[in-house]
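So you can see what is in the structure, the chains are spelled out below.
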Amino acid sequence: MTTLMNIGEAAAAAGVSAKMIRHYEQIGLLPEAERSEAGYRLYGDREVSVLRFVRQSRHLGFSVAQIAELIGLWSDSQRTSREVKAVAQRHLADLEEKRREIEQMMEGLSVLVKACKGNDKPHCAILDKLSRGTLTQHQPHMKPQLKKSRAQAEATSIGTSSPIDLMAWMRGVHVHHEAH
């Protein structure tokens with residue numbers, strides 16, 4: 001016979017917060033809990049196992065959708081380990097891509113930090129370099145955007161060949177929006 005626990009006991013047993021348990025129920029990773037006659041949520045060993053599974057999966061960076069897929073595979077006795085491995089391999093490939101992007105961002109930021117004297121004077125090489133758009137070689141590969149926002153279109157129309165007075169430009173944008 002399964003011992004039933006309240007939400008606080010289940011949270012402690014699984015290593016998650018009660019708030020996260022309610023969230024996982026709300027988004028469908030955990031079935032709605034049984035209720036006591038007084039209306040309190042009740043959890044058994046199976047729910048605690050699922051909560052541990054979710055906690056460990058989140059720790060490894062799996063998305064909610066991936067966790068839902070893994071839970072589905074976990075509960076499917078007809079699944080193959082190949083299916084589970086494919087989910088993990090896709091996630092590993094995503095993490096590798098994110099790592100490459102982070103390394104490129106760090107490289108670009110390192111260039112900026114080294115360029116700045118960091119003294120009491122107002123001139124800042126970081127701001128200058130950011131305003132000139134000269135760091136494209138250090139930016140991570142971005143997927144092309146299908147549609148530009150109005151702000152992006154306006155920024156593009158200004159051009160990046162020379163530094164601009166960004167504050168003056170922002171004041172102009174602010175005044176332009178108030179006029180409409």
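Residues numbered from 1 in each chain as written. Predicted model: local features only at pLDDT ≥ 70, side-chain atom pairs only at ≥ 80, totals over all residues. Heavy atoms only, no water.

### Re the overall build of the protein
Right, on to step 1. Counting its regular elements, the protein contains eight helices and two strands.
Right, on to step 2. When the helices and strands of the protein are read in sequence order from the N terminus, they spell out α-α-β-β-α-α-α-α-α-α.
Right, on to step 3. The buried share among the 180 residues of the protein stands at 19%.
Right, on to step 4. Residue pairs in contact within the protein that sit at least 24 positions apart in sequence constitute 50% of those at least 6 positions apart.
Right, on to step 5. Just so you have it, the protein exposes about 13,600 Å², and 56% of that area is on carbon and sulfur atoms. (Helix = DSSP H or I, 4+ residues; strand = E, 2+ residues; numbered from the N terminus. Buried < 20%, exposed > 50% of the residue type's maximum accessible area, 1.4 Å probe, protein only. Contact = heavy atoms within 4.5 Å. Areas by Shrake-Rupley, 256 points an atom, 1.4 Å probe, with all protein chains shown as cover.)

### Looking at helix H2 (residues 18-27)
Right, on to step 1. For H2, every residue scored as buried is listed here: Ile21, Tyr24 and Glu25. In a view along the axis of H2, the buried residues occupy a sector of 100 degrees, so they form one face of it. Exposed positions of H2 whose direction lies more than 90 degrees from the buried face are Lys19 and Gln26.
Right, on to step 2. Tucked inside the fold, the buried residues of H2 contact helix H1 (7-14), strand E2 (41-42) and helix H3 (45-59).
Right, on to step 3. Note on H2: the residue one or two positions beyond its end, glycine 28, has a positive phi of about 90 degrees. (Arc of directions from axis to C-beta.)

### Brief notes about H1
Right, on to step 1. Those residues of H1 that fall on the buried side of the exposure criterion are Ile7, Ala10, Ala11 and Ala14. End-on, the buried residues of H1 take up no more than an arc of 100 degrees, which puts them together on one face.
Right, on to step 2. Summarising the contacts, the buried residues of H1 are in contact with H2, E2 and H3.
Right, on to step 3. A side-chain oxygen of the first residue of H1 lies 3.0 Å from the backbone nitrogen of glycine 8; this N-cap is asparagine 6.
Right, on to step 4. Downstream of H1 by one or two residues, glycine 15 has phi in the positive range, about 80 degrees. (Polar contact = N/O pair within 3.5 Å; in protein donor to acceptor, adjacent residues only side chain to side chain.)

### Concerning the side chain of glutamate 25
Right, on to step 1. Within the secondary structure layout, glutamate 25 lies in helix H2.
Right, on to step 2. Relative accessible area serves as the criterion here: at 10%, glutamate 25 is assigned to the buried category.
Right, on to step 3. Those residues in contact with glutamate 25, other than ones at most four positions away along the chain, are Leu30, Pro31, Glu32, Ala33, Arg41 and Tyr43.

### Side note on the packing of aromatic side chains
Right, on to step 1. A complete count under the given rule lists one aromatic pair for this structure.
Right, on to step 2. Note on phenylalanine 53 and tryptophan 74: the rings are 4.5 Å apart at their centroids and 10 degrees apart in plane angle, and the pair reads as stacked. Taken together, the positions of phenylalanine 53 in helix H3 and tryptophan 74 in helix H4 (residues 64-74) put the pair 21 residues apart, joining distant regions of the chain.
Right, on to step 3. On the accessibility criterion, tryptophan 74 (32% relative accessible area) is partly exposed. (Phe/Tyr/Trp six-rings, centres within 6.5 Å; stacked < 30°, edge-to-face > 60°.)

### So, the nonpolar core
Right, on to step 1. Counting 22 residues, the largest nonpolar core has Ile21, Leu30, Tyr43, Leu51 and Val54 as its most contacted members.
Right, on to step 2. Counting residues per element, the ones that place at least two in this core are H1, H2, H3 and H4.
Right, on to step 3. With residues near it in sequence (within four places) discarded, leucine 51 still touches Ala14, Val16, Ile21, Tyr24 and Leu30. (Core = buried A, V, L, I, M, F, W, Y, C linked by side-chain atoms within 4.5 Å.)

### Digging into the packing of H1 against H3
Right, on to step 1. The contact between H1 and H3 brings their axes to 9 Å, and the two run at 50 degrees. If you check the angle between H1 and H3, you find them oblique. Between H1 and H3 lies a crossing whose hand is right-handed. Here Ala10, Ala13 and Ala14 of H1 come into contact with H3, specifically with Val48, Leu51, Arg52 and Arg55.
Right, on to step 2. Here the contact of H1 with H3 is built from residues that sort into five nonpolar, no polar and two charged. (Axes fitted to C-alpha atoms, helices over the stretch in contact; angles between N-to-C directions. Parallel < 35°, antiparallel > 145°, perpendicular 65-115°, else oblique. Left-handed = near helix turned anticlockwise from the far one by under 90°. Nonpolar A, V, L, I, M, F, W, Y, C, P; charged D, E, K, R; others polar.)

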